[in-house]
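# Chains, contacts and geometry: an overview
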Amino acid sequence: MTDERRDRWAEALRGRSGAAYWRGLEELLDTPEFRDAVRHEFPAAVDEIPEGITRRTFVKLLGASLALAGVSACTAEPAEKILPYVTQPPEVTPGIPLHYATSMVLDGYATGLLVESHAGRPTKVEGNPAHPASLGAAGVYEQASVLQLYDPDRARVVRADRRRSSWTALTQALAPTALRTHVGARGAGLRLLLEPTSSQVVAELLDRIGTLYPDSKRYYFAPLASGHRESGMRAALGSAFETQYDFSRADVVLALDADFLAAMPFHLRHARDFAQRRHIEQPTDEMNRLYVAEAMLTPTGGLADHRLRVRASEIESLAAAVTNQVMGERAAQLSNIPGSARRAVAHLRDAGGAAQSPWAPWAQAVAHDLAEHAGRSIVIAGPQQSAAVHVVVHLLNAALGNVGQTVWYTESPIVEAGEANHALAPLAEEMRAGQVDTLVILGGNPAYTAPADLDFARLLRALPRSVYLGLYENETAALTHWFIPAAHYLESWGDARAYDGTPSIIQPLIAPMYDGKTGSELLAALAGEDDASAHSLVQGSWRGRVGSANFDAFWTDVLHRGLVPRSAAPRTQASLRWRTLVRALEQAANARRAPAASRGRLELAFRQDPKVYDGRFANVAWLQELPAPVTKLTWDNAAMLSPATAARLAVANEEMVELGAEGRVLRVPVLIVPGHADDAVTVSLGYGRAGAEEIARGVGGNAYRLRTTAAPYLVPGATLTRRNVGHPLAITQMHSALHGRAIVLQATLEAFRRNPRFTQDHKGRVLTLYQPFQYRTGDQWAMTIDLSTCTGCSACVVACQAENNIPVVGKADVLKGREMHWIRIDRYYSGTPDDPAVVMQPMLCQQCEKAPCEYVCPVNATVHSPDGLNEMIYNRCVGTRFCSNNCPYKVRRFNWFDYNAEITETEKMVKNPDVTVRGRGVMEKCTFCVQRIRRHQIQAELEERPLRPGEVKTACQQACPTQAIVFGSYTDPEDGIVRELAQARSYAVLHELGTQPRVNYLARITNPNPAMGGGER
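Our next topic: the packing of helix 6 (residues 140-149) against helix 27 (residues 795-803). Two elements in contact, helix 6 and helix 27, have axes whose closest approach is 8 Å; the angle formed by their N-to-C orientations is 20 degrees. With respect to their mutual orientation, helix 6 and helix 27 come out roughly parallel. Viewed along their axes, helix 6 and helix 27 form a crossing whose handedness is left-handed. Residue-level inspection shows Val-140, Gln-143 and Ala-144 of helix 6 in contact with helix 27, the latter providing Ala-795, Val-798 and Ala-799. Class assignment of the residues belonging to the contact of helix 6 with helix 27 gives a composition of five nonpolar, one polar and no charged.

Written out as C-alpha cells, the structure is:
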C-alpha cells in the first residue's frame, strides 16, 4: 500500500468519530481501489471472509486485525538490554509486574523514577527512592506522563513539506555532503535550537557538530527557564552556579514569590526536607516557620505561617527592606560588607517606597526572626523574579551566615548555563537578518511559546530549510519543512543530571510505538553518524568516561539503580562580587525611580500552570481535568483577580474580559481568588493551543500572546476590558460540600503546647445501637493524613487515577459535578476574603467501620471485608445511588456513562490489569488500593512470612512528596500507622456521626511569630 494512498484515505477519515467514522470506512470499502489494496495487504484474512458478509462486519474484522497487529507491535520490549530495578526473575511471570529505573527530564533537570511494566507495557510511574530528586515521590507531571506515552494524537510519521517521508530521506538531506551546499563549508548558515539540557551525550554530540561546522551556532530556549536567576547569580557571584538548599536544617524560611514546595526544580526533594520540620508528634517538638510573600496564592503560600499578599513588582523593595534590617541587626558580625553594598540596598529599599508601604512592619518582623536564626534559615526567590531580587537574596543568605550551612553552591548541570545563547532573541535577530539557512529544532514548541515581540512563527515559516523533532504535530511542526516524531522518554535511551548534579540514566520500557527518534539520534545524523542508535550513543559516551575495564559491571549497576551513586556535584567556593553586585542593585533602584507610565493600571503576571506546565502536557486529559491546587479550576485558565480588584473593575466570576498589553489582546474569563494581591492579575501559561492535539486544541486562552522579551513574567501596565459575555468555568470545590460541618481542626504551636488534647472531642467511641463488629485476627488497615504537611499539590489524585483506571469525563460533565476522582483535595479558607488562611484536606472514602452506605444498599454491593475495608462489588451494583446519598463525606462517584467505550486502543494500554475497568451505571470509590494489599499478602504467603511493617503502600501514599499520608495495619504494633493514630492531634472527620472512619487526620499546627500577633497567619 503506497504512502500517498494511505495518507489520502487517512485524510478522508480525519476528524470523524462514532457512526460517521464507520460510514466513512464503508464508503471507502465500496471503491475498487480500497478493496484491491486490502486484498494485497491481508490476502489470508480477506480470503477467509465468507460470502454475503456485510460491509460493516468486514470493516470491523479488518479494524480488529489492524488493532491487534498494532498492539502487538506497540508492546514490544526494546531490542537493547534493559535491567529492572529489582532482581530479575528467571523468566517473566504473567501478572507479575517488573519495575525499571529511569528518569524524566523537565527543562534539563532529571527526576529519578521507577516505572511499573506489565509484559512490556508501562502502566504506572513512581518515584525512585534512591534518587535525590524524588526520594520515592512523584509529582503530577511524572504520574501523568504514562498517559502521554499512549496518546493517540502523538506524531507518527516523518514528514517533508507536509508529505510523508522517511528517516532515511532525512539523514540523506542532513548528511555533510548535502547540507554543506546550503549552509556553507563551515556551517555559517546552520543553527540549532534545543531545550536546556544536562545530557553529557548531547553535549558531546554538539561538540562534534561544532567541529564539523565551526561557524554554526546553537541556542537553548524553554519558556519557563528564566534568565533572571542566572543574571542575578552572575552579578552576585560571578558565575552561573546552582543554589542548593537543605530545608531539613532551616528553622526559618522566607520565600519571595517562590513556590519551592510544588513548582521549582528539585521541589519533590525540597518538600520532603521541609516537611520533616512540620511533622509534630509531641508538644515539645520544635517546628520551623515559613514566611511567604506572593501575589497569587500557591501551595507553598497555603502552608505558610505568615503570608503577605503583595504584587510581584513589590518583591524587590520588600527583599531590600528585609536585607537592610538584617544588616543593621547583625552589624557586628558583618564588618566585611562594604559600605557601598549597604547603601545600594538602602537605595533599592527607598526607591520602592518600602518605609511607607503597609507591609513595612511585616518586613521588619521577618528580618528580626531571620537574624535571630542566623545560620539556620533560608531565603529563596522564585525564578520569575527580577535579577535584582536574586542579587539581594544571595546577599541576604550571606549576611545571615546561611551559606555553607543551609545554603551552598554547585556547578550547574545545564550545558552552557548562563551563556548568552540561552535566549531566543539573538536567534530571531539572525533569522530576521537572513543569516540562517537551516534551523534544526530539538523539542519544545517555540512557534507557540516564543515571546510575542519576536514574531518567531513568521520568521520560522520564511526560512529556506527547517527541521523539527517533536512529540506532536503542533504549532511548530506546521511551520517547518521537515518533521520527525520524537520518542517519549519511556521509549528512549539517554542521560541527564538532577538539579544537584547527580548523573541519571534514561532507559526505555517499551520500543518506540511510532518509530520515534531521540534528540541524540538526530544530532548524530547531523554529525554524519546516521546509523547510530540512542543506546549505542549513551553507552559509548559512558564507556569513554568510565573506561572499558569495568564498564559492564558499572553499566549493569547504573541501569539497576537509575543513577550513578554518590555523584552529586561538589560544593563550590563562591564569594560575593561586590562591584557587580552594587552595580546591579543601583541599576534596579534607578529603574524604580523612573516615572511609572503605567500607574493606576493593572500589573499582569504570567505563571507556570500547575497542571499543563508550559503547555507541553496540555493534551494529557488527566491533567486537564485535575483541579488546580488552589482555585480547583479544570479545563481552562483564567484572569485571576482579588475580590477588591474585581469589585473596583465591576467584573464577576466567569465574565469574559480582554487583557491588553502593548497593543496585544487576550480574551479570558475572570476568576476571583481570595488572597490575591490587589491591582494585579495572574494568568497561567500553556493554554489556547492550535496544533493537532485534539484534547488541548481550543482549551483556554494563549497567554504567550502578551508575553515579550522585555517582560517575560511581568507586564507593569495592562488593561482589562469587559466583554459582557459569560464563559462557564468548571470548578470542583463546591461539588461535594459538607454543608458547613466542621471537618478541619487546627491550632497554633503555642496553643497545642498548652492543650495537646484539643482534638479529644473528635475521636473515640460514640453511643450507638449497633453491636461492634468482631474482625478476624490479622491485619486491620487504616490511614492518617497530616494536614500540617499537605500542600495540596494533587500528586495523590493523579497517582490514584493511574493506579485505579479512573476515567476522564470532560468539561461538560465536570460542570455537572460528575468528575470521577476517588480522592479530592478540599480547600478551605478562613479569615477575610482579601487575606484568608487556607487549609488543604485530602478527602477519600473513610472506610467507615459503621459505614452508612452499607445499611442502605438494596443489593449488598457495598460490604465489609474481614480486614476492615469497605468494599465495592461492581457486578452487584445496579446504580440506585442510595449509598452516595447516605455518605456524609460525599466520596462516592457514580459512573454515569461508559467513559472507556470511546477510548483508542493505545489509551487502553495504560489500564492497570490488576484493577477492574468499570462499565457505566456503578458506584466507584477508594478501595485503599486493595489490589496492592492482596498482592503483598500473596507474596508473603508464598515466602511463608507475615507482612512487614510498611510493606503495603497505597498509590496516594507512595506519590506524596511530604509523606503526609501514612497507611498500614494498626494491629501490627511495629507499623508506623500505630504511632500516627496514637498522636494527640489525630481526629476523625464528622466523628459525632459515629461512622468510626479508618481514615484519621492529624490536626494542622502552625507556628506563627508571636511578634506578629500570634494568630493563624
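Attention shifts here to the pairing of strand 35 (residues 965-969). Burial analysis of strand 35 places five of its five residues in the buried class, the great majority of the element. Side chains of strand 35 alternate between two faces, with Ile-965, Phe-967 and Ser-969 and Val-966 and Gly-968 buried alike. Here five bridges tie strand 28 (residues 781-786) to strand 35, and the two strands are oriented antiparallel to one another. Its bridge partner being in strand 35, Met-783 is matched across the sheet by Phe-967.

Taking strand neighbours across the sheet as the criterion, the four strands line up as 35-28-37-36 in an open arrangement whose pairing is mixed. Bordering the open sheet on either side are strand 35 and strand 36 (986-987), each of which pairs with just one other strand.

What follows is about the packing of helix 16 (residues 387-399) against helix 23 (residues 578-593). At a minimum axis separation of 9 Å, helix 16 and helix 23 run at an interaxial angle of 135 degrees. When the axis of helix 16 is compared with that of helix 23, the two are oblique. Two packed elements cross with a definite hand, and for helix 16 against helix 23 that hand is left-handed. For the pair formed by helix 16 and helix 23, the contact residues are Ala-388, Val-391, Val-392 and Leu-395 on the first element and Trp-578, Leu-581, Ala-584, Leu-585 and Ala-588 on the second. For the contact of helix 16 with helix 23, the per-class residue count stands at nine nonpolar, no polar and no charged.

Those residues of helix 10 (residues 227-237) that fall on the buried side of the exposure criterion are Arg-229, Gly-232, Met-233, Ala-235, Ala-236 and Leu-237. On an axial view of helix 10, the arc spanned by its buried residues comes to 165 degrees, and they lie on one face. The inward-facing, buried residues of helix 10 abut strand 2 (109-118), strand 8 (241-245), helix 16, strand 13 (407-411) and helix 23. Where helix 10 terminates, the next one or two residues include Gly-238, which has phi positive at roughly 90 degrees.

What follows covers the nonpolar core. Leu-604, Trp-622, Leu-623, Leu-659, Met-783, Phe-928 and Tyr-1001 are the most contacted members of the largest nonpolar core, which totals 123 residues. Examining the composition of this core, we find that six residues originate from one element, helix 6, more than from any other. For Leu-623, the contacting residues outside a window of four places in its chain are Val-140, Tyr-141, Ala-144, Lys-611, Phe-617 and Val-798. One finds Ala-271, Ala-367, Ile-378 and Val-391 within the second-largest nonpolar core, a separate group that totals 70 residues.

Residues with a pLDDT of 70 or more make up 89% of the chain, whose mean pLDDT is 88. A low-confidence stretch, residues 43-51 (pLDDT under 50), is modelled with six contacts involving residues beyond four sequence positions or located in other chains. In this model, residues 63-74 is a region of pLDDT below 50 whose contacts with residues beyond four sequence positions or in other chains number seven contacts.

Take the pattern of salt bridges next. Opposite charge on two side chains lets them pair, provided their charged atoms get close. A full pass over the atoms with the stated rule returns 56 salt bridges. In this structure, the salt-bridge partner of Asp-455 is Arg-458, at a minimum N-O distance of 2.6 Å. Residue Asp-455 is classed as partly exposed on the basis of its relative accessible area of 34%. The shortest N-O distance in the salt bridge between Arg-932 and Glu-803 comes to 2.9 Å. Of this pair, Arg-932 sits in helix 32 (residues 930-942) while Glu-803 sits in helix 27, placing them 129 residues apart in sequence. Shared partners join several salt bridges into a network, and the residues in it are Asp-107, Glu-195, Asp-614 and Arg-616.

Bringing helix 32 into the picture now. Between its terminal C-alpha atoms helix 32 stretches 18 Å, which fits the 18 Å expected from 13 residues at 1.5 Å a residue. Residues of helix 32 that are buried include every one of Gln-931, Arg-932, Ile-933, Gln-937 and Ala-940, and no others. Against the buried residues of helix 32 lie strand 3 (121-127), strand 28, helix 27, helix 33 (955-959) and strand 35. Backbone geometry just downstream of helix 32 places Glu-944 in the positive-phi region, at approximately 55 degrees.

Further remarks concern the side chain of His-488. Tracing the sequence through the fold places His-488 in the loop between strand 16 (482-485) and strand 17 (494-497). His-488 has contacts with Ser-145, Gln-148, Leu-149, Arg-154 and Leu-471, leaving out every residue within four places of it along the chain.

Enumeration according to the criterion identifies 22 aromatic pairs in this entry. Ring geometry for Phe-752 versus Phe-758: centroids 6.1 Å apart, planes at 80 degrees, classification edge-to-face. Under the relative-accessibility criterion, Phe-752 is labelled buried at 1%. Residue Phe-758 is classed as partly exposed on the basis of its relative accessible area, which comes to 23%. Aromatic rings pair up to connect Trp-493, Trp-542, Phe-551, Phe-554 and Trp-555 into one cluster. In this structure, Arg-881 packs its charged tip against the face of Phe-894, placed 5.3 Å from the ring centre.

Moving on, we come to the environment of Thr-298. Here Thr-298 lies in the loop between strand 10 (289-294) and helix 12 (299-302). Using a relative accessible area of 15% as the deciding quantity, one classes Thr-298 as buried. Once you skip the residues sitting within four places of it in the chain, Thr-298 turns out to touch Asp-259 and Val-630.

This part is about the sheet that holds strand 4 (residues 159-160). Two modes of strand pairing occur in sheets, parallel and antiparallel, and in both the strands are linked by backbone hydrogen bonds. Pairing is mixed across the open sheet formed by seven strands, whose spatial order is 5-4-16-15-14-6-7. The sheet terminates laterally at strand 5 (163-164) and strand 7 (217-220), the two strands that pair on one side only. Pairing between strand 4 and strand 16: two bridges, direction antiparallel. From the neighbouring strand, Ala-160 faces strand 16, where its bridge partner is Trp-482. Most of the contacts of helix 8 (residues 176-183) go to strand 14 (residues 438-442), to which it runs at about 120 degrees, and overall it touches strand 6 (190-194), strand 14 and strand 15 (465-470). Of the strands in this sheet, strand 6, strand 7 and strand 14 touch helix 17 (residues 425-432), which is tilted by about 135 degrees from strand 7.

What counts and how
- Residues numbered from 1 in each chain as written.
- Predicted model: local features only at pLDDT ≥ 70, side-chain atom pairs only at ≥ 80, totals over all residues.
- Heavy atoms only, no water.
- Axes fitted to C-alpha atoms, helices over the stretch in contact; angles between N-to-C directions.
- Helix = DSSP H or I, 4+ residues; strand = E, 2+ residues; numbered from the N terminus.
- Parallel < 35°, antiparallel > 145°, perpendicular 65-115°, else oblique.
- Left-handed = near helix turned anticlockwise from the far one by under 90°.
- Contact = heavy atoms within 4.5 Å.
- Nonpolar A, V, L, I, M, F, W, Y, C, P; charged D, E, K, R; others polar.
- Buried < 20%, exposed > 50% of the residue type's maximum accessible area, 1.4 Å probe, protein only.
- Pairing = 2+ DSSP bridges.
- Arc of directions from axis to C-beta.
- Core = buried A, V, L, I, M, F, W, Y, C linked by side-chain atoms within 4.5 Å.
- pLDDT = per-residue confidence, 0-100.
- Salt bridge = Lys/Arg side-chain N within 4 Å of Asp/Glu carboxyl O.
- Expected span 1.5 Å × (residues − 1).
- Phe/Tyr/Trp six-rings, centres within 6.5 Å; stacked < 30°, edge-to-face > 60°.
- Lys NZ or Arg CZ within 6 Å of the ring centre and 35° of its normal.

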